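# Tertiary structure, described
Here's the letter readout for the chains.
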Amino acid sequence: MPSQKSALNQKITIKLNGDAYVIEGDARLTTLIDVLKMKPTRIAVELNREVVPKADYGGITLHEGDELELINFVGGG
């Protein structure tokens, strides 16, 4: 069983909004959202064609080949 520390040192490729995206290290969804400087309260997430409830963001770890869509809501008038 791999340790949590080795899981944080991994390198995986996912598809992010249709493009290849390499994650090195921590592959948690919340970390990716932080790295992309997005606000969790202002986005919608679809992982492998399923909408992810905001309450579940903290428990999701991304894996090689995952397809992720991040939609950022922008206000204006």
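Here, every reference points to the structure presented above.
A short tour of the structure in this document, coming up. (Residues numbered from 1 in each chain as written. Predicted model: local features only at pLDDT ≥ 70, side-chain atom pairs only at ≥ 80, totals over all residues. Heavy atoms only, no water.)

To continue, consider the nonpolar core. In summary, soluble globular proteins display a tendency toward joint burial of nonpolar side chains. Core analysis: the largest hydrophobic core is formed by 18 residues, its most contacted members being Ile14, Val45, Leu62 and Leu68. Breaking this core down by element, the ones donating at least two residues are β1 (11-16), α2 (29-35), β3 (43-47) and β5 (67-72). In this structure Val45 touches Leu29, Glu50, Val51, Val52, Tyr57, Leu68, Glu69 and Leu70, once residues within four positions along its chain are discounted. (Core = buried A, V, L, I, M, F, W, Y, C linked by side-chain atoms within 4.5 Å. Buried < 20%, exposed > 50% of the residue type's maximum accessible area, 1.4 Å probe, protein only. Helix = DSSP H or I, 4+ residues; strand = E, 2+ residues; numbered from the N terminus. Contact = heavy atoms within 4.5 Å.)

Our next topic: the environment of Ile12. For Ile12, the position within the fold is in strand β1. Remark: the alpha-carbon pair of Ile12 and Val22, spanning ten residues in sequence, is separated by 5.7 Å.

On to the environment of Lys54. With respect to the helices and strands, Lys54 occurs in the loop between β4 (50-52) and β5. Along the chain, Lys54 and Ile43 lie eleven residues apart, while their C-alpha atoms are 8.8 Å from each other. Leave out the neighbours within four places in its chain, and Lys54 touches Pro40, Thr41, Ile43 and Ala44. In terms of polar contacts, Lys54 uses its side chain to reach the backbone carbonyl oxygen of Ile43, at 2.3 Å. (Polar contact = N/O pair within 3.5 Å; in protein donor to acceptor, adjacent residues only side chain to side chain.)

The next subject is a negative patch on the surface. The grouping of Glu46, Glu50, Glu67 and Glu69 at the surface amounts to a negative patch. Examined against the element boundaries, Glu67 turns out to sit in strand β5. Of the residues examined, Glu67 reaches a relative accessible area of 36% and is grouped as partly exposed. (Patch = residues over 30% accessible without salt bridge, like charges linked within 9 Å, V, L, I, M, F, W, Y side chains within 5 Å. Areas by Shrake-Rupley, 256 points an atom, 1.4 Å probe, with all protein chains shown as cover. Salt bridge = Lys/Arg side-chain N within 4 Å of Asp/Glu carboxyl O. Lys, Arg positive; Asp, Glu negative; His and termini not counted. Charge placed at Lys NZ, Arg CZ, Asp CG, Glu CD.)

A separate point is the sheet that holds β4. Pairing is mixed across the open sheet formed by five strands, whose spatial order is β2-β1-β5-β3-β4. Looking at the sheet topology across the chains shown, the edges are occupied by β2 (19-24) and β4. The mean inter-strand angle of the sheet, taken between neighbouring strand axes irrespective of direction, is 35°. Of the strand pairs in this sheet, β3 and β5 are connected by five bridges, and their pairing is antiparallel. Across the sheet, Ala44 pairs through a bridge with Ile71, a residue of β5. (Pairing = 2+ DSSP bridges. Axes fitted to C-alpha atoms, helices over the stretch in contact; angles between N-to-C directions.)

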